[in-house]
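Geometric and topological summary
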Amino acid sequence: MTSWLFTFLVHSTLWLGLAWLSVRLFPGIHARLRETIWCTALAASLITPTVHTLASPDSAVWRLPVPSVVTGGEHASGEPGHRDGEASGPVPAGGEVHRNEGGADASLPAPAGIPWVSLAGGLLALYLLRLEKLRRRLRDREPVTDPRASRALAALGARAGLATPPRLTESHHLGSPVALGVGTRREICVPVRALHELDEGELRALLGHEVAHHLRRDTIRLSVLNVLQAVFFFQPLFRLAMRELRMAAEELCDDWAANQFDDRFAMASCLTEVARWVVRGDRHSPVPCIGRRRSQLERRVRRLMSEHGSLRAPSRTRRRLSAVGLLALAPLLAPVMAPGTDRSHEDRRVLEGAETGEHGLSREHELRERGEHGPASQIRGTL
């Protein structure tokens, strides 16, 4: 367990760091390509340590030396001559101590995972508590009866190819629209003021954005990301990846809603209005939410109104093939966590060898003296 966690920490830092660097070097790349880069980095962070744990360490291109305690004392059982010493005859007292220490190292990985499991379980419970808090917050929501919203939602659902359009509800305790549920239980919940303060184009853009979340299955994606962030809380780059993936998803949903009726101005105007409604409870929403922070909404408005926009994204086929190819090569390029030279262990072996040599010399000296004063010498004296 300890060995896998340490390998995961090193590999995830490598892959997520490369993803961050590539996105920063090319800030104008399309949101869809940014999403692919971060998803590939997250997948590689989980795949490569698992493959290295199961496969031979010779399959990697390079190795990274680590303390022997991290690898669970595996080097103790694989040292030349150590197993032979155990199998042959009596073992000196020093050898017995050395074998016990190796066994103690090997037992370290099991209890080392207990704190990780405990903290991860607590963070998962906190995530479930946030979901329950949102459910109670929206307990008083009611179905929307506005005919404008019903017509717009039906048209958007048909354009998205959804079998049935999501259920549309409204709530007085909501500052920003959210997408809820999956499958036949899809739902869009909007603030009550959205039906009174948005014109028809802005309302259509708002509903289109939430329909895009359901089309992309962002409710499932965000749940998986929240679970990963809770389980691997000790990797701060996971939080960065989650923030970047959320932003990419929101930009892609903005584009989809704006392109349905070829009206980017309506989408930008909608985001400007929603920015005034955002409340503190929306910042940490555990479900897809059109607006979390005003600063992010302002950035999305500027992007929608920009004449240049983002660079064109590669096709879906090219992106998928590239991601699969990188994931196939990732285990070969990631470093193997190999045990380094343990100086204390070598010093003990040298000391034991010296003691064994001194013991052999003293034994030889004793036998020589016995030969001089033994029966043969007595016979020579008698003669």
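That block above? That's the structure.
Residues numbered from 1 in each chain as written. Predicted model: local features only at pLDDT ≥ 70, side-chain atom pairs only at ≥ 80, totals over all residues. Heavy atoms only, no water.

Re the overall build of the protein
For the record, the criterion: Working definition: helices are DSSP H or I runs of at least four residues, strands are E runs of at least two. Numbering for both runs from the N terminus. Classification of residues uses two cut-offs on accessible area relative to the type maximum, computed with a 1.4 Å probe and protein chains only: under 20% is buried, over 50% is exposed, and between them is partly exposed. The contact rule is simple, with two residues in contact once any of their heavy atoms fall within 4.5 Å. Residue-level accessible areas treat just the shown protein chains as cover; the underlying method is Shrake-Rupley with a 1.4 Å probe.
Tallying secondary structure elements over the protein gives 16 helices and six strands in all. Sorting the 383 residues of the protein into buried and exposed places 41% on the buried side. A fraction of 77% describes how many contacts in the protein between residues 6 or more apart in sequence connect residues 24 or more apart. Surface exposure of the protein reaches about 21,500 Å², of which carbon and sulfur atoms provide 60%.

A few points about the packing of aromatic side chains
Given two aromatic rings, one states the distance between the centres and the angle between the planes to describe the pair. To be explicit about the condition: The pairing test for Phe, Tyr and Trp rings, Trp by its six-membered ring, is centres within 6.5 Å, and the orientation test on the planes gives stacked under 30 degrees, edge-to-face over 60, and tilted for anything in between. Distance and angle both matter: a charge sits over a ring if NZ of Lys or CZ of Arg is within 6 Å of the ring centre and within 35 degrees of the ring normal.
Counted according to the given criterion, the structure contains nine aromatic pairs. Aromatic pair Trp4 and Phe232: ring centres 6.1 Å apart, planes at 35°, arrangement tilted. Residue Trp4 is found in helix H1 (residues 2–25), and its partner Phe232 is found in the loop between helix H10 (218–231) and helix H11 (236–260); the two are separated by 228 residues along the sequence. Take Trp4: its relative accessible area is 19%, and that puts it in the buried class. Among the aromatic side chains, those forming a connected cluster through ring pairs are Trp4, Phe8, Trp116, Phe232, Phe233, Phe234 and Phe238. Taking the ring centre of Phe261 as reference, the NZ or CZ of Arg159 above it sits at 4.7 Å.

A few points about the pattern of salt bridges
Side chains that differ in sign of charge can pair as their charged atoms come close. The cut-off we apply is this: What makes a salt bridge here is a side-chain nitrogen of Lys or Arg within 4 Å of a carboxyl oxygen of Asp or Glu, nothing more.
Scanning the model with the defined rule gives 19 salt bridges in all. With a closest N to O distance of 2.6 Å, Arg216 and Glu35 form a salt bridge. With a gap of 181 residues between them, Arg216 in the loop between helix H9 (200–215) and H10 and Glu35 in helix H2 (residues 31–54) connect regions that are remote in the sequence. Overall, the relative accessible area of 14% leaves Arg216 in the buried class. Overall, Glu35 belongs to the buried group, its relative accessible area being 9%. Here Glu250 makes a salt bridge to Arg300, at a shortest N to O gap of 3.5 Å. In this pair, Glu250 sits in helix H11 while Arg300 sits in helix H13 (residues 294–305), placing the two residues 50 residues apart along the sequence. Across the pair, Arg300 and Glu250 agree in class, each one buried.

Details of the sheet that holds strand S3 (residues 167–171)
Test applied: Between any two strands, at least two bridges found by DSSP are needed for them to pair. Only C-alpha atoms enter the line fits that serve as axes; for helices the fit covers just the stretch in contact. Angles between N-to-C directions range over 0 to 180 degrees.
One open sheet holds the four strands; their spatial order is S2-S3-S5-S4, and the pairing between them is mixed. Of all the strands in the sheet, just strand S2 (142–143) and strand S4 (178–180) have a single pairing partner and so form its edges. With three bridges connecting them, S4 and strand S5 (residues 187–191) associate as antiparallel partners. When the sheet's bridge partners are listed, Leu180 is paired in S5 with Glu187. Each of S3, S4 and S5 touches H9; the most contacted strand, S5, lies at about 150° to it.

Thoughts on H9
Applied cut-off: Multiply 1.5 Å by the residue count of a helix minus one, and that product is the helix's expected span. Two N or O atoms count as a polar contact when they lie within 3.5 Å, although within protein this holds only if one can serve as hydrogen donor and the other as acceptor, and sequence-adjacent residues are included solely when both atoms are side-chain atoms.
Here H9 spans 22 Å end to end across 16 residues, near enough to the 22 Å set by a 1.5 Å rise per residue. For H9, the N-terminal capping position is held by Asp199, with its side-chain oxygen 3.2 Å away from the main-chain nitrogen of Gly201. Backbone geometry just downstream of H9 places Arg217 in the positive-phi region, at approximately 60°.

Regarding the layout of surface pockets
Definition in use: Any residue with an atom within 4 Å of a point lines the site, the site being either a cavity, points on a 1 Å grid over the protein atoms alone where a 1.4 Å probe fits but cannot get out, or a pocket, an open set with protein on both sides within 12 Å along at least 5 of 7 lines. Grid points are joined across faces, edges and corners, and a volume is the space filled by probe spheres set on the points. The classification used treats Ala, Val, Leu, Ile, Met, Phe, Trp, Tyr, Cys and Pro as nonpolar, Asp, Glu, Lys and Arg as charged, and all other residues, Gly among them, as polar.
Empty space within the largest pocket amounts to approximately 1,000 Å³. As for the largest pocket, its lining consists of 36 residues, of which Glu35, Thr36, Cys39, Arg216 and Arg221 are closest to the centre. Within the residue set of the lining of the largest pocket, elements represented by two or more residues are H2, H9, H10, H11 and helix H14 (316–333). Forming the boundary of the second largest pocket are 27 residues, of which Gln229, Arg239, Met242, Arg246 and His284 lie nearest the centre. Looking at the lining of the second largest pocket, the elements with two or more residues in it are helix H6 (109–137), H10, H11 and H13. For the lining of the second largest pocket, the residue count by class is twelve nonpolar, six polar and nine charged.

Some remarks on empty space enclosed by the protein
All told, the structure shown has two cavities of 30 Å³ or more when counted by the stated rule. Estimated volume of the largest cavity: approximately 50 Å³. Residue lining of the largest cavity: Leu42, Leu225, Leu228, Gln229, Phe238, Ala241 and Met242, and that is the complete set. Partitioning the lining of the largest cavity into residue classes produces six nonpolar, one polar and no charged. Estimates place the volume of the second largest cavity at around 40 Å³. If you trace the second largest cavity, you find it lined by Gly201, Arg204, Ala205, Ala257, Ala258, Phe261, Asp263 and Ala266. Looking at the lining of the second largest cavity, the elements with two or more residues in it are H9 and H11.

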